[in-house]
Amino acid sequence: MSMTSAHESGAPERLPEPSPRLLLIEDDDSIAAEVAEELTTRGYDVTRAATGVEGLDHACAGQFDLMIVDRMLPELDGLTVIESVRAQRINIPVLVLSALSAVDDRVSGLKAGGDDYLTKPFAMEELAARLEALLRRPTDSRVTMLRVGPLEMDLIERRVFRNGQEIDLLPREFRLLEYMMRRPDTVLTRTMLLEDVWNYRFVPQTNLVDVHIGKLRRKIDVPGEPLLIHSIRGAGFSLRVPG
Amino acid sequence: MSRADLRLSGLFRADLFRTATFRLTLAFVVAIIAGMALQFGLVYGQMSGYEQQRSTDLLQREAALLVHETPAQLEYEVRERSKTDLRVILNGAALFDMSRNRIAGDIKKWPVGLEVSPRTQRLWDAPPGDTPYEMRYLAVEVEGTNGNRDRILVLARSLHMANELRYITKRAALMSVVPVVAFALMAGIFLSHRALGRIKDMHEAIDRIMDGDLHERLPTGRERDDIERLAVSVNRMLDRLEHLLDEIRDVGNDIAHDLRTPLARVKARLERVSAITNDPAALQGAIERAALDLEQCFSVITALLRIGEIENGRRRAGFAMLDLRELLAGVVDLYEPIAETEGVTLRVVDSVESVPLFGDKDLLNEVLANLVDNAIKFTPAPGTVELSAGQGAGGACWLRVADTGIGIAEDERKAVMGRFYRSDKSRHVPGSGLGLSLVSAILRLHGASVDIVAARPGNALPGAVFTIHFAAPASV
């Protein structure tokens, strides 16, 4: 792992100013307090609501950038809250939290209007990375050319260049890089990559994603040039142009 | 005698009359009594009918004979009847005039209600100071001494024979009911006693089981009756429960063991950390490794919860038509880099275009990933892991993961699908030990079965071939 540690960088960068306003609807007080504290130190302006009704009131009244909704809530359950919010034409990103991990629960959470789904217990890094990804909507899918620093990706010809030098990638490496180039400067966790790039929804017993990233990195990050693919300790990976 | 025994014997006596056998006996006794009553009723009815018919015939015949006698002869016969009628055909005979006054004979006065008619009549005679008794009468007009038909001949026959018959049958019935009922009751008590004795043995066995002796079984003999069969069923249930309890205990031990090791490491690490005071980098490293060990504990718990979820939920909401061939391509795409670094060739080896199957894509991906993950782990370089899928006759799909690795010993093949099983060969390989039990839980949800064989038996690296057989579409 000596190679990986050479790429490791410190804490994720600060969020853009002004602080994103986040509405946290969660009835479990200890989880809510912990999440709120963590997210506040990460630069979010967190508002807490403990019931579905209270949360819905906040969502409709205030201008929020992001919402975290627990599925199981007193008075009004999480899915109903999301549906009501969507019915008000409030299109802010919503992350659904749930103690249930079964596939149909995830599907119903996303169907109700959630943008992402996270099962408890979760790592704070995972939550933070997902929120960040939700805030920075990926590049418009209609573009045909992606550019991140010295990297260029032609989506029609399926070709990749670094400083004009073509890099030969396997189809799966191309898919992985495309996903990362659409979300530059964003921390991408192993779970996110596994779910979004490969459509797999389970935690593998092997460090699969690390191997894929390692292979991609060997092709992208040639010696003597600044690193682009960074490992974020305890969180995942990020495609970032230094400086 | 222990307290349980005392309780049992008390229960034993009180319950003797409450056993199903005894109740059955009582019902049977009632049925016997009813049957006997019916039988005697019929016999008595038949006999009294016969007797009545006979007396009617006798009266008619006597009257027919006497009518043709001359008046003087008739009067004489009537007067002397009691002396000449040795066969006691008649119990009374008399001649009356038209105003119902007696002329001769032993019927003292005209019986109340008697009419002159060619038919016999039944009348109750009630002599003062005596119980009334039933008589059969016949009253016909006969010729008097003056040549006119101005006399009435009255003949009477007692029904005492019929009454006696009734008395005899009643008595016989009552006399026979007592021994029959007594015998049935005795038999009932004996049988109940026997049944209760067996029940008592079972009670004792159950008490021992409840006291925690799970190896105890209900006594069974060679008789294949209801109770015996019930006891056999209960014993089978106990076998199953004992097996499940053992399994749970094993799983509990395994969980404890699997969590104990990483937790002990975390503890040791944190203890060492507390000694580090002036090296932030070392501190950071130690904390991170501790977090990693905790992560492993989490993965064991998560896997267990998932197995529980899949096994209990029986949820098939995620089921849809999918292509097994596509899943194979996907898993190869995902695992190829790691196989490459391990020096293993991973490939799909069939030529089938598509293998349609109704199932849960995410869960089947998990199955495949676990099998491929295992295959790569246990196949030393250079080796191959080959995936194939197909559809047999009748539309039943199959899926195969074959490797050229260390293989699975024949006696371990069943156990590897259970929870936490780690073959001795795999002790050094990291993993939760739950991958294959997760696989079997998912396969059970799909109604699929798995078999494991060696690819090259006898070889130093026999390899393992996992074949999953899905049920044919109609039965899914």
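Residues numbered from 1 in each chain as written. Chains lettered and ligands numbered in written order. Predicted model: local features only at pLDDT ≥ 70, side-chain atom pairs only at ≥ 80, totals over all residues.

Concerning the overall build of chain B
Right, on to step 1. Within chain B, the secondary structure is distributed over 9 helices and 12 strands.
Right, on to step 2. The proportion of buried residues among the 476 residues of chain B is 24%. (Helix = DSSP H or I, 4+ residues; strand = E, 2+ residues; numbered from the N terminus. Buried ≥ 20, exposed ≤ 12 C-beta atoms within 10 Å, placed from the backbone.)

What about the overall build of chain A?
Right, on to step 1. Check the secondary structure of chain A and you find 9 helices and 13 strands.
Right, on to step 2. Taking all 243 residues of chain A together, the buried fraction comes to 38%.
Right, on to step 3. For chain A, the share of sequence-separated contacts (at least 6 apart) that also reach a separation of at least 24 residues comes to 58%. (Contact = placed C-beta atoms within 7 Å.)

Looking at the environment of A:L79
Residue and element names in this part refer to chain A.
Right, on to step 1. Within the element layout of this structure, L79 appears in helix α4 (residues 78-87).
Right, on to step 2. The spatial distance from the C-alpha of L79 to the C-alpha of K111 is 9.1 Å, given a sequence separation of 32 residues.
Right, on to step 3. If we ignore the near neighbours within four places in the chain, the residues touching L79 are R71, S108, G109 and A112.

Description of the pairing of strand β5 (residues 151-158) of chain B
All names here are of chain B.
Right, on to step 1. Within β5, 7 of the 8 residues are buried, which leaves it mostly tucked inside the rest of the structure.
Right, on to step 2. Bridge count between strand β1 (residues 92-97) and β5: 6 bridges; the pairing is antiparallel. From the neighbouring strand, F96 faces β5, where its bridge partner is I152. (Pairing = 2+ DSSP bridges.)

Focus: the packing of helix α8 (residues 361-377) of chain B against helix α9 (residues 435-445) of chain B
Residues and elements named next belong to chain B.
Right, on to step 1. Put simply, α8 and α9 touch, their axes get as near as 9 Å, and they point 145° apart. At the point where α8 passes α9, the crossing takes the left-handed sense. Between α8 and α9, the contacting residues are L363, E366, V367, N370, L371, D373 and N374 on the first element and G435, L436, L438, V439, I442, L443 and L445 on the second.
Right, on to step 2. Of the residues belonging to the contact of α8 with α9, the class tally is 9 nonpolar, 3 polar and 2 charged. (Axes fitted to C-alpha atoms, helices over the stretch in contact; angles between N-to-C directions. Left-handed = near helix turned anticlockwise from the far one by under 90°. Nonpolar A, V, L, I, M, F, W, Y, C, P; charged D, E, K, R; others polar.)

Let's talk about the pairing of strand β4 (residues 66-70) of chain A
Residues and elements named next belong to chain A.
Right, on to step 1. In terms of burial, β4 is a largely internal element, 5 of the 5 residues being buried.
Right, on to step 2. Covered by surrounding structure in β4 are L66, I68 and D70 together with M67 and V69, the residues of both alternating faces.
Right, on to step 3. In this sheet, β4 lies alongside strand β2 (residues 21-25) in parallel orientation, the contact comprising 4 bridges. What sits directly across from I25, in β4, is V69.
Right, on to step 4. Bridge count for β4 against strand β5 (residues 94-98) is 4 bridges, and the pairing is parallel. Bridge assignment links I68 to a residue of β5, and that residue is L95.
Right, on to step 5. Between the parallel elements β4 and β5, the chain passes through α4 in a crossover that is right-handed. (Right-handed = clockwise from strand over helix to strand, strands pointing away.)

A short note on the nonpolar core
Right, on to step 1. Counting residues in each nonpolar core, the largest one holds 106 residues, and the members touching the most others are A:L22, A:V69, B:V372 and B:I442.
Right, on to step 2. With 9 residues, α8(B) is the single largest residue contributor to this core.
Right, on to step 3. With near-sequence residues (within four places) excluded, B:I442 lies in contact with B:I310, B:L363, B:E366 and B:V367.
Right, on to step 4. Counting residues in hydrophobic clusters, the runner-up holds 20 residues, among them B:L90, B:A94, B:L95 and B:A139. (Core = buried A, V, L, I, M, F, W, Y, C linked by C-beta atoms within 7 Å.)

What about the packing of helix α7 (residues 171-182) of chain A against helix α9 (residues 208-220) of chain A?
Residue and element names in this part refer to chain A.
Right, on to step 1. For the pair α7 and α9, the least separation of the axes is 10 Å and the interaxial angle reads 90°. One finds that α7 runs roughly perpendicular with respect to α9. Counted together, E173, L176 and L177 of α7 and H212, K215, L216 and K219 of α9 form the full contact between these two elements.
Right, on to step 2. Among the residues making up the contact of α7 with α9, the classes are represented as 3 nonpolar, 1 polar and 3 charged. (Parallel < 35°, antiparallel > 145°, perpendicular 65-115°, else oblique.)

Observations concerning the sheet that holds strand β10 (residues 165-167) of chain A
What links the strands of a sheet is backbone hydrogen bonding, and the strands pair in either a parallel or an antiparallel sense.
All names here are of chain A.
Right, on to step 1. On the basis of which strands lie adjacent, the open sheet formed by 4 strands has the order β7-β8-β9-β10 and antiparallel pairing. The open sheet has two free edges, formed respectively by β7 (145-148) and β10, since each of these has just one partner strand. Taken pair by pair, the neighbouring strands of this sheet meet at an average axis angle of 25°, ignoring direction.
Right, on to step 2. Direction of pairing for strand β9 (residues 159-162) relative to β10: antiparallel, over a ladder of 3 bridges. Of the residues in β10, the one forming a bridge with R162 is Q165.

Quick notes on helix α5 (residues 226-275) of chain B
Right, on to step 1. Counted at 1.5 Å a residue, the expected span for α5(B) with its 50 residues is 74 Å, and the 72 Å between its end C-alpha atoms agrees.
Right, on to step 2. Its maximal kink placed at B:R260, α5(B) deviates by approximately 30°, while the proline B:P262 follows within four residues. (Expected span 1.5 Å × (residues − 1). Bend = angle between axes of the 7 residues up to and from the residue.)

Brief notes about helix α7 (residues 324-341) of chain B
Residues and elements named next belong to chain B.
Right, on to step 1. Taking 1.5 Å as the rise per residue, α7 with 18 residues should run 26 Å; its terminal C-alpha atoms sit 26 Å apart, in good agreement.
Right, on to step 2. Maximum bend of α7: about 50°, positioned at Y335, with proline P337 one to four residues after it.
Right, on to step 3. Of the residues making up α7, those classed as buried are L324, R325, L327, L328, V331, L334, Y335, E336, P337, I338 and A339.
Right, on to step 4. Looking at the residues trailing α7, positive phi occurs at G343, about 75°.

With respect to unusual backbone geometry
Right, on to step 1. The peptide bond linking B:A381 to B:P382 adopts the cis configuration, its omega dihedral lying at -10°.
Right, on to step 2. Assignment of secondary structure puts B:P382 in the loop between α8 and β9 (383-391).
Right, on to step 3. If you check the backbone angles, A:R158 has positive phi at about 55° while not being a glycine.
Right, on to step 4. Relative to the assigned elements, A:R158 resides in the loop between β8 (151-154) and β9.
Right, on to step 5. On the basis of neighbour counts, which here come to 11 C-beta atoms within 10 Å, the residue A:R158 falls in the exposed class.
Right, on to step 6. One non-glycine residue, A:D185, lies in positive phi territory at about 60°.
Right, on to step 7. With respect to the element layout, A:D185 can be found in the loop between α7 and β11 (188-189).
Right, on to step 8. C-beta crowding within 10 Å serves as the criterion here: with 15 such atoms nearby, A:D185 is assigned to the partly exposed category.

Points about the sheet that holds β1(B)
Residue and element names in this part refer to chain B.
Right, on to step 1. The strand order across the open sheet formed by 5 strands is β2-β1-β5-β4-β3, and the pairing between neighbours is antiparallel. Two strands in the sheet have a free side with no partner beyond their single neighbour: β2 (102-105) and β3 (117-125). The mean angle between the axes of side-by-side strands here comes to 25°, regardless of whether they run parallel or antiparallel.
Right, on to step 2. The pairing of β3 with strand β4 (residues 133-142) spans 6 bridges and is classified as antiparallel. Each residue of the ladder has a partner; that of S117, found in β4, is A139.
Right, on to step 3. Most of the contacts of helix α2 (residues 20-67) go to β4, to which it runs at about 25°, and overall it touches β3, β4 and β5.

Thoughts on the environment of A:L239
Residues and elements named next belong to chain A.
Right, on to step 1. Relative to the elements of secondary structure, L239 occurs in strand β13 (residues 236-239).
Right, on to step 2. Judged by the 22 C-beta atoms lying within 10 Å of it, L239 falls in the buried class.
Right, on to step 3. L239 sits 54 residues away from D185 along the chain, and the two C-alpha atoms are 5.7 Å apart.
Right, on to step 4. Apart from the residues within four sequence positions on either side, L239 is in contact with V148, M180, M181, P184, L228 and I229.

Regarding the confidence of the model for chain A
Right, on to step 1. Taken over all residues, the pLDDT of chain A has a mean of 84, while the share at 70 or more is 90%.
Right, on to step 2. Counting contacts from residues 1-12 of chain A, a segment whose pLDDT is below 50, to residues more than four positions away or on other chains yields 11 contacts. (pLDDT = per-residue confidence, 0-100.)

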